[in-house]
Amino acid sequence: MNKDKLKIGIYELTGCAGCALLITDCEMELIDIFNAADIQSFLMVKSDNIEGELDIALVEGSVTTENEIEELKDIRERAKVVVAFGLCASVGGIQARFGNKEWKENYQKIYGDMEMTHTKPVQSKPIDAYIDVDLYLPGCPVGKEQFLHFFTRVLKGAPPEKYPRPVCVTCKYNENDCLLNKGIPCLGPLTADGCGSICPNHNLPCTGCWGPAEGANPTSEYFLLKEKGFDIEAIKKRMSNYSGTKLAEFFEQFKKESK
Ligand code: SF4
Ligand code: SF4
Ligand code: SF4
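Residues numbered from 1 in each chain as written. Chains lettered and ligands numbered in written order. Predicted model: local features only at pLDDT ≥ 70, side-chain atom pairs only at ≥ 80, totals over all residues.

Comments concerning the site of ligand 1
Phase 1: Neighbouring ligand 1 are 13 residues; G15, G18, C88, C140 and P141 lie closest to it.
Phase 2: Taken together, the elements giving at least two residues each to the shell around ligand 1 come down to α1 (18-24) and α4 (87-91).
Phase 3: Across the shell around ligand 1, the residue classes break down as 7 nonpolar, 5 polar and 1 charged. (Near = placed C-beta within 6 Å. Helix = DSSP H or I, 4+ residues; strand = E, 2+ residues; numbered from the N terminus. Nonpolar A, V, L, I, M, F, W, Y, C, P; charged D, E, K, R; others polar.)

Thoughts on the packing of helix α9 (residues 218-227) against helix α10 (residues 232-241)
In a pair of packed helices, the angle between the axes and the distance between the axes together describe the arrangement.
Phase 1: Two numbers describe how α9 lies on α10: the axes approach to 10 Å, and their chain directions differ by 145°. Where α9 crosses over α10, the two elements pack in a sense that is right-handed. For the pair α9 and α10, contact is made by P218, Y222, L225 and K226 and by I232, I235 and M239, respectively.
Phase 2: Partitioned by chemical class, the residues of the contact of α9 with α10 number 6 nonpolar, no polar and 1 charged. (Axes fitted to C-alpha atoms, helices over the stretch in contact; angles between N-to-C directions. Left-handed = near helix turned anticlockwise from the far one by under 90°. Contact = placed C-beta atoms within 7 Å.)

Looking at the domain arrangement of the chain
Phase 1: According to the domain assignment, the chain contains domain 1 (7-155) and domain 2 (167-257).
Phase 2: For domain 1 and domain 2, the distance between their C-alpha centres works out to 25 Å. (Domains from an automatic or database assignment.)

So, the environment of N174
Phase 1: As for its placement among the helices and strands, N174 is situated in the loop between α7 (167-173) and α8 (198-201).
Phase 2: When the 12 C-beta atoms within 10 Å are taken as the criterion, N174 is described as exposed.
Phase 3: Residues N174 and L137 lie 37 residues apart in sequence; the distance between their C-alpha atoms is 23 Å.
Phase 4: Other than its neighbours up to four places away in sequence, N174 contacts S197 and N201. (Buried ≥ 20, exposed ≤ 12 C-beta atoms within 10 Å, placed from the backbone.)

Quick word on the nonpolar core
Phase 1: I56, A57, V59, V83 and F85 are the most contacted members of the largest nonpolar core, which totals 51 residues.
Phase 2: Both domain 1 (7-155) and domain 2 (167-257) contribute no fewer than three residues apiece to this core.
Phase 3: Filtering out sequence-adjacent residues up to four positions away, V83 remains in contact with I56, A57, L58, V59, D134, L135 and L137. (Core = buried A, V, L, I, M, F, W, Y, C linked by C-beta atoms within 7 Å.)

Some remarks on the pairing of strand β5 (residues 79-85)
Phase 1: Counting buried positions along β5 yields 5 of 7 residues, so the element is predominantly enclosed.
Phase 2: Taken together, the 6 bridges between strand β3 (residues 54-60) and β5 define a ladder with parallel strand orientation. Among the inter-strand pairings, L54 is bridged to a residue of β5, identified as A79.
Phase 3: Pairing between β5 and strand β7 (residues 135-137): 3 bridges, direction parallel. Of the residues in β7, the one forming a bridge with V83 is L135. (Pairing = 2+ DSSP bridges.)

Re the sheet that holds strand β1 (residues 7-12)
Phase 1: Taken together, 5 strands build an open sheet; the order of strands is β2-β1-β3-β5-β7 and the sheet is parallel. Here the strands that pair on one side only, and so sit at the sheet edges, are β2 (38-42) and β7. For this sheet, the mean angle separating the axes of adjacent strands, direction not counted, is 20°.
Phase 2: Its contacts with the sheet put helix α3 (residues 66-78) on β1, β3 and β5, and the angle it makes with β5 is roughly 135°.

Description of α9
Phase 1: Among the residues of α9, P218, E221, Y222 and L225 are the ones counted as buried. Looking down the long axis of α9, one finds its buried residues gathered within 100° of arc, a one-sided arrangement. Facing away from the buried side of α9 by more than 90 degrees, the exposed set consists of T219, S220, F223 and E227.
Phase 2: Backbone geometry just downstream of α9 places G229 in the positive-phi region, at approximately 90°. (Arc of directions from axis to C-beta.)

Here is the structure:
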């Protein structure tokens, strides 16, 4: 163990594990990653994990059980910097798209009255619902290129890149014809651009997998899509899919205002 190396822990809460898997998918860079940092904990790839003090904790997944709340608080106490790694950790992800009432109904549809024996489920939420978060790296999953940029910058003590612009800005730089004008609903105006507008570049609509952009205006997008004649329920579903609690809150508010 090298004292000069940053101590890093990589943790998984509720999600599909795709973001953690993405790190293992950096095949050409994996040895360099493990040589450059002291990876103390990473359940997916090593068994000799140490749960001590950390410089950086990358936390994947949303908080979906009482045990995970405790685990997350313990990570926060041990880590100088906590990173919400991926969309689930940043905004809650697909499993957090329902409001407080609906998650219980949906849980019952699958599990009936069966109870978990080792912990209790709770409404799925992003990690900043329970702890202070220092950095966010969204994406479902996080892009490999974005992870490597992030990792390299953090190792050198530089602040990681931010992704404040919506997908539309990059889409325009890339000179794509706007899909909305072709009758295809696209969530580019709402979505943070970390992907380089990869879907519209290939004539496919953005479905929002990087989560809400800073200052996104869901009301405006909602009415824009509605005016263009798209089905309202389909718009809601599409807008809710990847935005976790953020857009669920918007639709709750919208329901109240439209009564
Ligand atoms: S953000 Fe997406 S890829 Fe990452 S854990 Fe959640 S569902 Fe999986
Ligand atoms: S295609 Fe989508 S991302 Fe591109 S400009 Fe139109 S709405 Fe924005
Ligand atoms: S264009 Fe949208 S859906 Fe496609 S990768 Fe980028 S953020 Fe995700």
